[in-house]
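Coordinates in review
The lines below spell out each chain.
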Amino acid sequence: EVDLEERLGELDLRSDSDIPDVPPPTDSTPEILKRALSGLSARWKNWWIRGILTLAMISVFFLIIYLGSFMLMLLVLSIQVKCYHEIITIGYRVYHSYDLPWFRSLSWYFLLCVNYFFYGETVADYFATFVQRREQLQFLIRYHRFISFALYLTGFCMFVLSLVKKHYRLQFYMFAWTHVTLLITVTQSHLVIQNLFEGMIWFLVPISSVICNDITAYIFGFFFGRTPLIKLSPKKTWEGFIGGFFSTVVFGFIFSYFLAQHQYFVCPVEYNSETNRFVTECEPSELFQMKKYSLPPLLQAVLGWETVNMYPFQMHSIALSTFASLIGPFGGFFASGFKRAFKIKDFADTIPGHGGIMDRFDCQYLMATFVHVYITSFIRGPNPSKLLKQLLILQPEQQLSVYKTLKSHLVEKGILQPSLRG
Amino acid sequence: ESESENKLDGETASDSESKSEFGGSPPVPTSDDTPEVLNRALSNLSSRWKNWWVRGILTLAMITFFFIIIYLGPMVLMTIVMCVQIKCFHEIITIGYNVYHSYDLPWFRTLSWYFLLCVNYFFYGETVTDYFFTLVQREEPLRILSKYHRFISFTLYLTGFCMFVLSLVKKHYRLQFYMFGWTHVTLLIVVTQSHLIIHNLFEGMIWFIVPISCVICNDIMAYMFGFFFGRTPLIKLSPKKTWEGFIGGFFATVLFGLLLSYVMSGYRCFTCPVEFNNDTNSFTVDCEPSELFQLQEYNIPVVLQSVVGWKTVRMYPFQIHSIALSTFASLIGPFGGFFASGFKRAFKIKDFANTIPGHGGIMDRFDCQYLMATFVNVYIASFIRGPNPSKLIQQFLTLRPDQQLHIFNTLKAHLVDKGMLGRLEDA
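Residues numbered from 1 in each chain as written. Chains lettered and ligands numbered in written order. Predicted model: local features only at pLDDT ≥ 70, side-chain atom pairs only at ≥ 80, totals over all residues. Heavy atoms only, no water.

This part takes up the UniProt feature "transmembrane region" (unreviewed entry) in chain A. Residues and elements named next belong to chain A. Mapped onto this numbering, the UniProt entry gives "transmembrane region" (unreviewed entry) at residues 47–79, 100–119, 139–161, 173–193, 199–225, 237–260 and 313–335. Helix and strand shares over residues 139–161 are 96% and 0% respectively, and the end C-alpha atoms of the span are 31 Å apart. Secondary structure within residues 199–225 divides into 93% helix and 0% strand; the distance between the first and last C-alpha atoms comes to 37 Å. (UniProt positions renumbered as here; feature names shortened; annotations may be inferred. Helix = DSSP H or I, 4+ residues; strand = E, 2+ residues; numbered from the N terminus.)

Below, the structure is given as structure tokens:
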């Protein structure tokens, strides 16, 4: 009787070509599409399916935007859970570990813990006034880190107690697989939500830039593609890459121009305690106010204008689009390498013609982190509401002394007029 | 390219024939590292006692070393924590190489060390900015580095990520992804915890010394109780552990924690937060001890009164916290040890490395410490201190004027609500 461990040890050491392919996912194209397209040849049929599904996804996207921030948050959460599920399922298939004791429960439990931790941090920040009023929530917020840690530890101890002889290596693999997946999917999805709260434009423009780059690089590659870009993804070409880059920058530029005009997209999302809803109403920051820029002489000669009216945000959109076109694809190459390493064609077969949710979102992950880092570094300073929350949980004497220091500082700077007694 | 493929096939063919216990390659033998001096001195004793003596002597050596470092101060402690972290990282990564025969993977050694550097840069940057705020604001290059710190760290990490993607080689994809995952999980465990330890250290050296000593004490006490009284096995993973050792170790550690805290709370150099003095450019530990470290009278519960014979006892409040820390070290800390045992069995290694004679690698000594460091950090953040007021003021000063005004007004309204400020009073 061959020890399962030994068999898997050999599995690890064999070169990639020896590892059997995972059976290809079933064709989940709806019947209705199949009938409509039955006349066309296979190549164009595939093109049409992909095209229709792309339009369908973009429509869903616009619909959700219209429905507002709360729906968007739910959507991000659902996508995160689905991506996590897809990656974990691949792990099960690779390691034939679907029947490991406890493991399915533990994976979902860890997902719950990490989400609880992150949502607790977000909720505490943005819903400060809502939370102040309710006693139980106050307790949960104050000891949030401790509670999250205790929950995580429980999972950790359950894992240790579930270790079974002859399955140790598998269990450690799945443990590590779960944690790396959590690191990738959950942290980025929370960064996406933080970007969303900054203003829906910070959510829409990056995601659209990545999608646009995907589509335009594909189209340029389709019509003009000649030189292969990277061995990992043989379908990508330099022509597609460069064409996609320029198109995305132009697209981002124009798209930002339209979005920057509406308060709905530009204002930070806030939670109104009275109406118990999210509101996006504010005085647009200077990023979203038209300014005159003098064109450099080079462009002046080309375009014939001397100055141009632009939103400062459009300059930032150039940075975002550049990242989406130049570095974003590395996320895609990473996913391609991952799929080749584990001999899978797609992450799952959720979307006909496109593969799984993860296939669509692989480039988005780097983008979300970049936007978040970009915002915290260049756009805004520390989060005022977080600072306020921390001030409010100080001891009363500390609050008083801080108050006095702040007051003297503000008076000194002339921001506050020294008030009259009376 | 085809040559390396043949090499892999060749290795596995012969390995399966030899049917060695490692399901592949022979286990890395740990050479006997014991110094000659000890070998000669103990050459007369039987093998069992010899092992006991070697372990005992090395334990004393490590504890002495620990005390010396404490004496030398926070800066040296930080350096030691850093060295331990690097050595642990190196040990775990080396195991990964051995497991996957991936020592010759293109770029991988460089990339692992590069990622270690990136993550450390990120964490040290965050720490330095917090604690050395005035120093950083003064020096121009440091100020820029600190303002754009996250962006710079992210760029550095991204460079490593792109290098990894570009280094993917056909026929080695799976190995490369394994090593990538292995590196990241190791970083998550080793680097984050070592930075939490440094945070604890800055809170006051007592928060560094008491937890570590409790874990060490629990290790030793559980071993001794198990040695003399051990009968019922505790867990299949570690057959040497017994329930008698576990429970005996628990009580001994709680007692030890109480006594050690009592002794340490009397000294400012242990209880004061570590601060960086801009004028002398060195670390100082000088302050008014917080109420945690001031003796208070506690009424002993009636049950204990009859046992102990006293009505009240003078204790430091910190000693109550030390009970919580010792309890965690004795009850949950060992799970870190079981995790490491499971890991060693999974990958069929006896010890993480052979750095310390009789004890194994650095990681073998520190496996229980990792959970402890996180717990202490979370404990401090939740129960001991709120946010640091001076740090909050610093953050306030970087806000825009309209944001500052908004916060000021909210704080004022809050204080008026609480009755700390009169409505129109100019406090």
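Further notes follow.
This next bit is on the pattern of salt bridges. By the definition in use, this model includes 4 salt bridges over all chains. With a closest N to O distance of 3.4 Å, Lys 82 of chain A and Glu 86 of chain A form a salt bridge. One end of the pair, Lys 82 of chain A, and the other, Glu 86 of chain A, are both in helix α4 (residues 69–95), 4 residues apart, so they sit about a helical turn from each other. With a relative accessible area of 2%, Glu 86 of chain A lands in the buried category. Here Glu 297 of chain B makes a salt bridge to Arg 314 of chain B, at a shortest N to O gap of 3.3 Å. Of this pair, Glu 297 of chain B sits in strand β5 (residues 296–299) while Arg 314 of chain B is found in strand β6 (residues 312–315), placing the two residues 17 residues apart along the sequence. The partly exposed category is assigned to Arg 314 of chain B, whose relative accessible area is 48%. (Salt bridge = Lys/Arg side-chain N within 4 Å of Asp/Glu carboxyl O. Buried < 20%, exposed > 50% of the residue type's maximum accessible area, 1.4 Å probe, protein only.)

The final tally for this structure, using the stated rule, is 74 aromatic pairs over all chains. Seen in terms of ring centroids, Phe 146 of chain A and Phe 375 of chain B are 6.1 Å apart; in terms of plane orientation they differ by 55°. Their pairing is tilted. Highlighted residues: Phe 146 of chain A in helix α8 (residues 144–161) and Phe 375 of chain B in helix α17 (residues 369–384), drawn from two different chains. On the basis of relative accessibility, which here comes to 22%, the residue Phe 146 of chain A falls in the partly exposed class. Under the relative-accessibility criterion, Phe 375 of chain B is labelled buried at 7%. Both rings, one in Trp 182 of chain B and one in Phe 343 of chain B, keep their centres 5.9 Å apart while their planes meet at 55°; by these two values the pair is tilted. Here Phe 343 of chain B lies in helix α15 (residues 333–346) and Trp 182 of chain B lies in helix α9 (residues 173–203), a separation of 161 residues in the sequence. (Phe/Tyr/Trp six-rings, centres within 6.5 Å; stacked < 30°, edge-to-face > 60°.)

Residues and elements named next belong to chain B. Under the criterion given, the structure shown has 4 cavities of 30 Å³ or more. Taken as a whole, the largest cavity spans an internal volume of roughly 60 Å³. Around the largest cavity, the lining residues are Ile 197, Asn 200, Trp 207, Phe 208, Pro 211, Ile 212, Gln 369, Met 372, Ala 373 and Val 376. Residue assignment for the lining of the largest cavity shows that the elements contributing at least two residues are α9, α10 (206–229) and α17. A per-class count over the lining of the largest cavity returns 8 nonpolar, 2 polar and no charged. (1 Å grid on protein atoms, 1.4 Å probe; cavity = no way out; pocket = protein on both sides within 12 Å on 5 of 7 lines; lining within 4 Å. Points joined across faces, edges and corners; volume = space filled by probe spheres on them. Nonpolar A, V, L, I, M, F, W, Y, C, P; charged D, E, K, R; others polar.)

A word on unusual backbone geometry. Excluding glycine, a negative phi dihedral is what most residues carry, and trans is how most peptide bonds are arranged. With a phi close to 55°, Lys 343 of chain A is a non-glycine residue in the positive phi region. One non-glycine residue, Lys 348 of chain B, adopts positive backbone phi at about 55°. With respect to the secondary-structure elements, Lys 348 of chain B resides in the loop between α15 and α16 (362–366). By relative accessible area, which is 28% here, Lys 348 of chain B ends up partly exposed.

This part is about the packing of helix α15 (residues 328–341) of chain A against helix α8 (residues 149–166) of chain B. In the contact formed by α15 of chain A and α8 of chain B, the axes pass within 10 Å of each other and the chain directions differ by 45°. In terms of orientation, α15 of chain A and α8 of chain B fall into the oblique class. For the crossing formed where α15 of chain A meets α8 of chain B, the hand is left-handed. Contact with α15 of chain A, carried on its side by Phe 330, Gly 331, Phe 333 and Phe 334 of chain A, involves Phe 161, Cys 162, Phe 164, Val 165 and Leu 166 of chain B of α8 of chain B and no other residues of that element. (Axes fitted to C-alpha atoms, helices over the stretch in contact; angles between N-to-C directions. Parallel < 35°, antiparallel > 145°, perpendicular 65-115°, else oblique. Left-handed = near helix turned anticlockwise from the far one by under 90°. Contact = heavy atoms within 4.5 Å.)

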